[in-house]
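Results of the structural survey
The primary structure of each chain is shown beneath.
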Amino acid sequence: MIPLRISLEPEEIPSHWYNVVADLVNPPAPPLAPDGNPVTPEQMGAIFPMPILEQEMSAERWIAIPEEVRQIYALWRPSPLCRALRLEQALGTPAKIFYKYEGVSPAGSHKPNSAVPQAFYNKMVGTKRLTTETGAGQWGSSIAFAGQMFGLPVRVFMVKVSYEQKPFRRSMMQTWGAEVFASPTNLTNAGRAALAADPDNQGSLGLAISEAVEEAAGDPGTCYTLGSVLNHVLLHQTVIGLEAKKAFDKIGLYPDVIFGPCGGGSSFGGIAFPFLADKAAGDKRAANLRCVAVEPTSCPTLTKGAYAYDYGDVSGYTPIMRMYTLGHDFMPPGIHAGGLRYHGDSPLVSQLLHEGQIEALAVPQVATFEAGVQFARAEGIIPAPESCHGIRAAIDEALRCKVTGEAKTILFNLTGHGHFDMASYDRFLSGKLEDYEYPAEAIAESLKHLPKVD
Ligand SMILES: *Cc1c(COP(=O)(O)O)cnc(C)c1O
């Protein structure tokens, strides 16, 4: 009998993060400066501390997790791996469904897995203040919490649509001592330009990034933190997959397929990469493993974007990176999974998709909430709207297993709880939630503005 909750001991918190760069078939495409040359550590050093930059560029397979970071992780890690038996029974599927639950962190999502080390390394090198952007408020609250753990002040640019839709995320950040502004603001050139063009600008993650980067670049004591996309963030998130593997070992099982929501790709990389390490090492159990990144049809970066060099932000302050992108000036519709509204994606996830190592799938908004409600009724936990994308895909796979009779082992990443997203559930439950068509023309227009390389 498989236990419903497979817990690890505190000392089983991983001692090292796993760096997938060590196992890539081709070397990663370097980030480029606007002049087309590879970005130098000095240029990046204006906004990031050196230990983070070293991780960003590292090709070492295993990177030690500092003891100070493991001690903060221990507030909620190891996170549980659970079997969704009641969901299996409700679906009538022969498949076994497991989820790794990251909603047990203080901020309620996986994001503190990277916020904590980022705050730690900044404190270590003497940074005086952190800036960042946040979409749904998940990253902002995570870095507010982490900054507080290490005594670092935090300034957050919060995408305006979320600032208005999710006021309690703002209070949460303020409770942990952070300053929070609705982006676009009048504090930066990027914000002022956006407001001049459109006073009702609802903001986007890309624009908020421009504001936070501009502040960090303009002040030597201030550093910037990013909650997704970059290599070091995905590195930190691998504690998810590493713990999941240990838990599966305890019950003698191995997943056939892994689903995770994908915005910038950090939680997806976090759960999938440690399993891809097994594949790279020739582990037979992983030979046919499928890893599937699940995104919204309204912001279909991996499934409808171009694999090309593009900026990470709207204003073109960041280096250009090779990734799947909808174009840096693509403005995604105001969907309720705010954490998945980003024009680009992690260069590592993008490369693995491009090379056929992983898969991607897009699902429409209403169907994701249907899955989230079905999950909540079977398993009790109310998932974040972002997480509902992975759940939708996992349920669909389990239903396919019902048809074929396959008893697959399905794993999905339950990246966070939805306690701050009940207004979105409200809209769904009262039938007001809409699906947005994939905005083909807007994407085609935006893709015309990709930076020219070579
Ligand atoms: C931010 C967020 C995501 C998406 O971000 P990734 O970097 O793609 O992981 C998914 N789920 C939750 C709960 C989030 O807060």
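To start, this report covers the structure provided alongside it. Here the structure is a predicted model, which means the values were calculated and not measured.

1. Structural notes on the environment of Gly 380
Inspection of the secondary structure puts Gly 380 in the loop between helix H16 (365-379) and helix H17 (385-404). Taking the relative accessible area as the measure of exposure, Gly 380 reaches 54% and is therefore exposed. The sequence separation of Gly 380 and Gln 43 amounts to 337 residues, and the corresponding C-alpha distance is 48 Å.

2. Points about the site of the ligand
Surveying the vicinity of the ligand reveals 16 residues, the closest of which are Lys 111, Ser 228, Gly 263, Ser 267 and Thr 415. For the ligand, an oxygen atom lies 2.4 Å from a polar atom in the side chain of Ser 228. Between the ligand and Ser 266 there is a distance of 2.7 Å, counted from an oxygen atom to a side-chain nitrogen or oxygen. Look at the ligand: alone it shows 380 Å² of surface, and the protein chains cover 98% of it. Residues of the shell around the ligand, tallied by class, amount to three nonpolar, eleven polar and two charged.

3. Considerations on the pairing of strand E7 (residues 154-159)
Across the six residues of E7, six count as buried, placing the element largely inside the fold. Residues Val 154, Val 156 and Met 158 of E7 are buried on one face, and the alternating residues Arg 155, Phe 157 and Val 159, pointing to the opposite face, are buried as well. Traced from strand E6 (residues 129-134) through helix H6 (residues 138-149) to E7, the parallel crossover comes out right-handed. Two strands pair when backbone bridges link them, and E7 and strand E8 (residues 179-183) are joined in this way by five bridges, in the parallel orientation. Bridge pairing in E8 places Met 158 opposite Ala 182.

4. Let's talk about the packing of aromatic side chains
Applying the stated criterion to the full structure yields 16 aromatic pairs. On the numbers, 5.6 Å between centres and 55° between planes, the contact of Phe 145 with Trp 176 is tilted. Taken together, the residues span a long stretch of sequence, with Phe 145 in helix H6 and Trp 176 in the loop between helix H8 (167-175) and E8 at a distance of 31 residues. Taken as a pair, Phe 145 and Trp 176 share a single burial class, namely buried.

5. Details of helix H9 (residues 189-197)
The set of residues buried in H9 consists of Ala 190, Gly 191, Ala 194 and Leu 195. Here the buried residues of H9 occupy an arc of 130° about the axis, which is enough to place them on one side. Of the residues in H9, the exposed ones pointing more than 90 degrees away from the buried face are Ala 196 and Ala 197. Looking at the buried side of H9, the elements it contacts are helix H10 (205-217).

6. Quick look at the pattern of salt bridges
Across all of its chains, the model carries 21 salt bridges by this definition. For Glu 215, the salt bridge is made with Arg 155, and the minimal N-O distance between the two is 3.0 Å. Remark: Arg 155 occurs in strand E7 and Glu 215 occurs in helix H10; sequence separation between them is 60 residues. A residue is classified by how much of its surface remains accessible, and Arg 155, at 14% relative accessible area, is buried. A salt bridge links Arg 285 to Asp 249; the shortest N-O distance between them is 3.4 Å. Of this pair, Arg 285 sits in the loop between helix H13 (266-280) and strand E11 (290-296) while Asp 249 sits in helix H12 (residues 239-251), and the two are 36 residues apart along the sequence.

Definitions and cut-offs
- Residues numbered from 1 in each chain as written.
- Predicted model: local features only at pLDDT ≥ 70, side-chain atom pairs only at ≥ 80, totals over all residues.
- Heavy atoms only, no water.
- Helix = DSSP H or I, 4+ residues; strand = E, 2+ residues; numbered from the N terminus.
- Buried < 20%, exposed > 50% of the residue type's maximum accessible area, 1.4 Å probe, protein only.
- Near = heavy atom within 4 Å.
- Polar contact = N/O pair within 3.5 Å; in protein donor to acceptor, adjacent residues only side chain to side chain.
- Areas by Shrake-Rupley, 256 points an atom, 1.4 Å probe, with all protein chains shown as cover.
- Nonpolar A, V, L, I, M, F, W, Y, C, P; charged D, E, K, R; others polar.
- Right-handed = clockwise from strand over helix to strand, strands pointing away.
- Pairing = 2+ DSSP bridges.
- Phe/Tyr/Trp six-rings, centres within 6.5 Å; stacked < 30°, edge-to-face > 60°.
- Arc of directions from axis to C-beta.
- Contact = heavy atoms within 4.5 Å.
- Salt bridge = Lys/Arg side-chain N within 4 Å of Asp/Glu carboxyl O.

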